[in-house]
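# Summary of structural features
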Amino acid sequence: MGKKSVVSTNKSKEKRQARKLEQRRIADGMTYVTKANKLEDIASLCKELLVYKNNNLQVEMYIQRMSELDKNVLQWAIGLTERNMKTLYETCAWGWNRERKVEEMTDDAAWYLIAKDNDKFLAFSHFRFDMDFGDPVLYCYEVQVEADGRRRGLGQRVLRVLERLARNTRMTCVRLTALTHNPSAAAFFRACGYSTDDTSPPKEEASHYEILSKSTCLDSNDGGEPTES
Ligand SMILES: CC(C)(COP(=O)(O)OP(=O)(O)OC[C@H]1O[C@@H](n2cnc3c(N)ncnc32)[C@H](O)[C@@H]1OP(=O)(O)O)[C@@H](O)C(=O)NCCC(=O)NCCS
């Protein structure tokens, strides 16, 4: 038998407090995610970014849940993903599995940002509000631009919309998975301010993909309304 010293008592107290704070952080995060997924007028959080005019593009964007998405639009999005990504998936450990991709893209948790120039669909993003490694995040599952719409700033605008949504729903960051052998996407994400996330696996564990993110710069202890930096 012994007696706990004052130092060790203080240390356990600190540990207990840290655990409580962490539990609180996660509970708050889950509340933000639930709230974001229930939004009825999500466009109002990013209205002025949903029109994009540049380099002969006159793009309008809208955001819908998977369940609200027109079937033809969903088929176009699946087709574009297949055209853009099939070969890249086939040349890495994941392989291309159309069924699995369709299952992922038609999950009830999926949100879609659709960009069109008059009647032509040009780009989309599949994203979700979710808890990831204990963080409330906007996870970008897909950002795809038609070949003839590229290098005109549209991809960047799509990410800006996601970043605004993330900030205004109190997500800590926009997070995504990128294939390491997709150099144009890597250049794109870096140019848009994304960097390797702490949750990215070490290269020895997974060399064909990495996790990138861009913080919303929200202080998790800040009770006030999020603002854009
Ligand atoms: C990657 C992708 C989304 C980029 O979209 P985009 O609309 O062409 O990108 P933007 O015009 O907004 O580019 C913004 C900046 O990113 C960088 N960038 C974009 N594409 C690039 C490329 N192919 N090579 C090098 N840098 C690139 C540039 O710095 C660019 O600015 P600049 O044109 O003024 O030099 C698009 O090329 C695409 O859909 N590719 C196929 C699918 C894919 O790889 N998706 C990402 C993984 S899910």
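Placed above this text is the structure.
Remember, it's a predicted structure, so these values are computed and weren't measured experimentally.

Definitions and limits used
Residues numbered from 1 in each chain as written. Predicted model: local features only at pLDDT ≥ 70, side-chain atom pairs only at ≥ 80, totals over all residues. Heavy atoms only, no water. Helix = DSSP H or I, 4+ residues; strand = E, 2+ residues; numbered from the N terminus. Buried < 20%, exposed > 50% of the residue type's maximum accessible area, 1.4 Å probe, protein only. Contact = heavy atoms within 4.5 Å. Areas by Shrake-Rupley, 256 points an atom, 1.4 Å probe, with all protein chains shown as cover. Lys, Arg positive; Asp, Glu negative; His and termini not counted. Charge placed at Lys NZ, Arg CZ, Asp CG, Glu CD. Pairing = 2+ DSSP bridges. Axes fitted to C-alpha atoms, helices over the stretch in contact; angles between N-to-C directions. Core = buried A, V, L, I, M, F, W, Y, C linked by side-chain atoms within 4.5 Å. 1 Å grid on protein atoms, 1.4 Å probe; cavity = no way out; pocket = protein on both sides within 12 Å on 5 of 7 lines; lining within 4 Å. Points joined across faces, edges and corners; volume = space filled by probe spheres on them. Phe/Tyr/Trp six-rings, centres within 6.5 Å; stacked < 30°, edge-to-face > 60°. Lys NZ or Arg CZ within 6 Å of the ring centre and 35° of its normal. Salt bridge = Lys/Arg side-chain N within 4 Å of Asp/Glu carboxyl O.

## Things to note about the overall build of the protein chain
Per the secondary structure count, the protein chain includes 5 helices and 8 strands. The order of α-helices and β-strands along the protein chain, N terminus first, is α-β-β-α-α-β-β-β-α-β-α-β-β. In terms of overall dimensions, the protein chain has a C-alpha envelope of 75 × 40 × 30 Å along the principal axes. Looking at the protein chain as a whole, 42% of its 229 residues qualify as buried. Within the protein chain, residue pairs in contact and separated by at least 24 positions form 67% of the contacts whose partners lie at least 6 positions apart. About 13,400 Å² of surface is accessible on the protein chain, with carbon and sulfur atoms providing 49% of the total. Taken together, the 36 basic and 34 acidic charged side chains of the protein chain have centroids lying 6 Å from each other.

## Here we look at the sheet that holds strand S1 (residues 51-54)
Read from one edge to the other, the open sheet built from 8 strands follows the order S1-S2-S3-S4-S5-S6-S8-S7, with strand pairing classed as mixed. Looking at the sheet topology across the chains shown, the edges are occupied by S1 and strand S7 (195-196). Alignment of strand S4 (residues 120-132) against strand S5 (residues 135-145), held across 10 bridges, turns out to be antiparallel. Bridged to Asp-132 within S5 is Asp-135. The sheet contacts of helix H5 (residues 183-191) involve S5, strand S6 (173-179), S7 and strand S8 (209-215), and relative to S8 the element is tilted by about 20°.

## Thoughts on the nonpolar core
Ile-63 and Leu-154 are the most contacted members of the largest nonpolar core, which has 38 residues in total. Mapped onto this core, the elements with two or more residues apiece are helix H1 (6-37), strand S2 (57-65), strand S3 (111-117), S4, S5, helix H4 (154-168), S6 and H5. Of the residues forming this core, the biggest block, 7 residues, is contributed by H4. Counting residues in each nonpolar core, the second largest holds 13 residues, with Leu-69, Trp-76, Ala-77 and Ala-110 among its members.

## Here we look at the layout of surface pockets
Of the voids in this model, the largest pocket is the one considered here, and its volume is about 1,200 Å³. Lining the largest pocket are 40 residues, with Met-85, Val-143, Asn-182, Ala-185 and Phe-189 sitting closest to its centre. Of all the secondary-structure elements, those providing two or more residues to the lining of the largest pocket are helix H2 (71-90), helix H3 (98-105), S5, H4, S6, H5 and S8. Per-element accounting of the lining of the largest pocket gives the leading share, 7 residues, to S5.

## Comments concerning the packing of aromatic side chains
Evaluated as defined, the whole model comprises 12 aromatic pairs. When the ring of Trp-111 is compared with that of Phe-127, the centres are 6.3 Å apart and the planes differ by 15°; the resulting orientation is stacked. Of this pair, Trp-111 sits in strand S3 while Phe-127 sits in strand S4, and the two are 16 residues apart along the sequence. The lysine or arginine in question, Arg-128, covers the ring of Tyr-141, its NZ or CZ lying 4.1 Å from the ring centre.

## Considering the pattern of salt bridges
Under the defined criterion, the tally for this structure stands at 16 salt bridges. One salt bridge in this structure joins Arg-65 and Glu-68, with 3.5 Å as the shortest N-O distance. According to the relative accessible area criterion, Glu-68 is partly exposed, its value standing at 41%. With a closest N to O distance of 3.7 Å, Lys-120 and Asp-148 form a salt bridge. Of this pair, Lys-120 sits in strand S4 while Asp-148 sits in the loop between S5 and H4, and the two are 28 residues apart along the sequence. On the basis of relative accessible area, Asp-148 is assigned to the partly exposed category, the value being 46%. Members of the salt-bridge network, linked through shared partners, are Glu-22, Arg-25, Asp-132, Asp-135, Arg-175 and Asp-197.

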